[in-house]
Amino acid sequence: MAELQDRIAFITGGASGMGRASALAMAGEGATVVIGDLDEGQAKAVAAEIETAGGTALALQVDVTDDAAIQRCYDVIGERYGRLDIVYANAGTPGATGNNVTREQYDISVAVNLTGAYFAAQQAIPLLQASANVGSIIFTSSTAGLVGSHLSPLYSASKGGVVMLGKSLALALAPKIRVNVICPGPIDTPMLPKFWSRETTEGLDDRMNAWLAKDIPLGRRGRPEEIAQAALFLASDRASFITGVALPVDGGFVAK
Ligand code: NAD
């Protein structure tokens, strides 16, 4: 039997990058996947991709900075399925980089990366509790949530908060719901170059590749599918004794 057969999963930021790859992977293992994203057109395209491959998916427009919009998603899920088994709070923004961010830029980064993750999880709890299965909440933090980031102190601060959010919720929600955090290193998605093009896009690939060669033991950027494998594992019963973990998936970056 597929390992997520009969499970209902909600993935924020599921329209692109690692959220999309995770949606495809979970649907491939039998989950019904609800894709929540700011970009409704892309979310629908991913849902259509899943349906074409024989899976079941639903696309919902959501801005995770808007509690009412998050609640509308959970209302739809409640009406359709009556429960939820997996929440992957993955939506994020690189936000402003550098050391001269404005208050407005600060507020946006924290609103998406930390506050959005918090409420996507908190508002899901009644539906997770309504399921007979042990629930799984997964957050996407970053290696920048584990070690400081010279590119963006603001991003690091918001993602560091996500690590502690995951650990604390793991304690608060055990044993009914497991909560874990994925900390990706540099992953080949549309977001990656945004960290490196702060002042100029000139020589972007060369600058990124020089950094990868120097700082990533495995010497390359990761693929979104490699994050999806970690999400799939943490969502599944194979991870039944794992909660409160912040898992780097980073080619060895934070091992140093
Ligand atoms: P991506 O740009 O491919 O995907 C991000 C998705 O989030 C997009 O579909 C976007 O529309 C959606 N989104 C953004 N703001 C939103 C909001 N307010 N509400 C709902 N959806 C929103 O990027 P990705 O690299 O797949 O990023 C996924 C997660 O991984 C993010 O949390 C990011 O911070 C984190 N991350 C990325 C990297 C990397 O190198 N790419 C490394 C570490 C962590």
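Residues numbered from 1 in each chain as written. Predicted model: local features only at pLDDT ≥ 70, side-chain atom pairs only at ≥ 80, totals over all residues. Heavy atoms only, no water.

- We quote the UniProt Sequence similarities (unreviewed entry) comment for the chain here in full: "Belongs to the short-chain dehydrogenases/reductases (SDR) family." (UniProt positions renumbered as here; feature names shortened; annotations may be inferred.)

## Thoughts on the site of the ligand
Stage number 1. The ligand sits among 27 residues. The nearest are S16, D37, N90, Y155 and T189.
Stage number 2. In the environment of the ligand, a nitrogen atom lies 3.0 Å from a nitrogen or oxygen atom belonging to the side chain of D63.
Stage number 3. Taking T189, its side chain carries an N or O atom lying 2.5 Å from an oxygen atom of the ligand.
Stage number 4. A total of 820 Å² of accessible area belongs to the ligand in isolation, and the protein chains cover 92% of it.
Stage number 5. Sorting the residues of the shell around the ligand by element identifies α1 (17-28) and α6 (153-173) as the ones contributing at least two each.
Stage number 6. Class assignment for the residues of the shell around the ligand results in 14 nonpolar, 10 polar and three charged. (Near = heavy atom within 4 Å. Polar contact = N/O pair within 3.5 Å; in protein donor to acceptor, adjacent residues only side chain to side chain. Areas by Shrake-Rupley, 256 points an atom, 1.4 Å probe, with all protein chains shown as cover. Helix = DSSP H or I, 4+ residues; strand = E, 2+ residues; numbered from the N terminus. Nonpolar A, V, L, I, M, F, W, Y, C, P; charged D, E, K, R; others polar.)

## What to know about the pairing of strand β3 (residues 56-61)
Stage number 1. The sheet contact formed by strand β2 (residues 32-37) and β3 spans six bridges and is parallel. Within β3, the position partnered with I35 by the bridge is A59.
Stage number 2. Of the crossover connections in this fold, the one passing from β2 over helix α2 (residues 40-52) to the parallel β3 is right-handed. (Pairing = 2+ DSSP bridges. Right-handed = clockwise from strand over helix to strand, strands pointing away.)

## Structural notes on the packing of α1 against α2
In a pair of packed helices, the angle between the axes and the distance between the axes together describe the arrangement.
Stage number 1. Contact geometry of α1 with α2 gives a least axis separation of 10 Å together with a crossing angle of 25°. Here α1 is positioned roughly parallel relative to α2, judged by the angle of their axes. Helix-helix and strand crossings are classified by hand; for α1 and α2 the assignment is right-handed. Across the interface between the two elements, R20, A23, L24 and A27 of α1 pack against V46, E49 and I50 of α2.
Stage number 2. Here the residues of the contact of α1 with α2 sort into five nonpolar, no polar and two charged. (Axes fitted to C-alpha atoms, helices over the stretch in contact; angles between N-to-C directions. Parallel < 35°, antiparallel > 145°, perpendicular 65-115°, else oblique. Left-handed = near helix turned anticlockwise from the far one by under 90°. Contact = heavy atoms within 4.5 Å.)

## Some points on the side chain of S152
Stage number 1. Structurally, the position occupied by S152 is in the loop between β5 (135-140) and α6.
Stage number 2. Taking the relative accessible area as the measure of exposure, S152 reaches 0% and is therefore buried.
Stage number 3. Each residue touching S152, except ones within four places of it in the same chain, is listed here: A96, T97 and G98. (Buried < 20%, exposed > 50% of the residue type's maximum accessible area, 1.4 Å probe, protein only.)

## Notes on the side chain of T189
Stage number 1. Note that T189 resides in the loop between β6 (177-184) and α7 (192-196).
Stage number 2. Those residues in contact with T189 that sit more than four places away from it in its chain are G17, M18 and P224.

## Concerning the pairing of strand β4 (residues 86-89)
Stage number 1. Side chains of β4 alternate between two faces, with I86 and Y88 and V87 and A89 buried alike.
Stage number 2. Direction of pairing for β4 relative to β5: parallel, over a ladder of four bridges. Paired with A89 across the strands is F139, a residue of β5.

## Some points on the sheet that holds β2
Stage number 1. The sheet built from seven strands is open, its strands ordered β3-β2-β1-β4-β5-β6-β7 with parallel pairing. Here the strands that pair on one side only, and so sit at the sheet edges, are β3 and β7 (246-249). Pairs of neighbouring strands in the sheet enclose a mean axial angle of 20°, with direction left out of account.
Stage number 2. Here β5 pairs with β6 via six bridges, running parallel. Note that in β6 the partner of F139 across the bridge is V181.
Stage number 3. Docked against the sheet, α6 engages β5, β6 and β7, running at close to 160° with respect to β6.

## A short note on the nonpolar core
Stage number 1. Judged by nonpolar contacts, the single largest core of 35 residues is most densely connected at Y74, I77, L84, I137, F139 and V179.
Stage number 2. The element best represented in this core is α6, accounting for six residues.
Stage number 3. Not counting the four nearest positions on each side in its chain, L84 is found in contact with I8, A9, F10, Y74, I77, A124, L127, L128 and S131. (Core = buried A, V, L, I, M, F, W, Y, C linked by side-chain atoms within 4.5 Å.)

## Details of the packing of aromatic side chains
Stage number 1. If you walk through the whole model with that rule in mind, you get four aromatic pairs.
Stage number 2. Judged by centre distance (5.0 Å) and plane angle (70°), the rings of Y118 and F119 are edge-to-face.
Stage number 3. On the basis of relative accessibility, which here comes to 34%, the residue Y118 falls in the partly exposed class.
Stage number 4. Look at W211 and F253: their rings are 5.6 Å apart centre to centre, the planes differ by 65°, and that puts the pair in the edge-to-face class. Residue W211 is found in helix α8 (residues 204-215), and its partner F253 is found in the segment after β7; the two are separated by 42 residues along the sequence. One exposure class covers both W211 and F253, and it is buried. (Phe/Tyr/Trp six-rings, centres within 6.5 Å; stacked < 30°, edge-to-face > 60°.)

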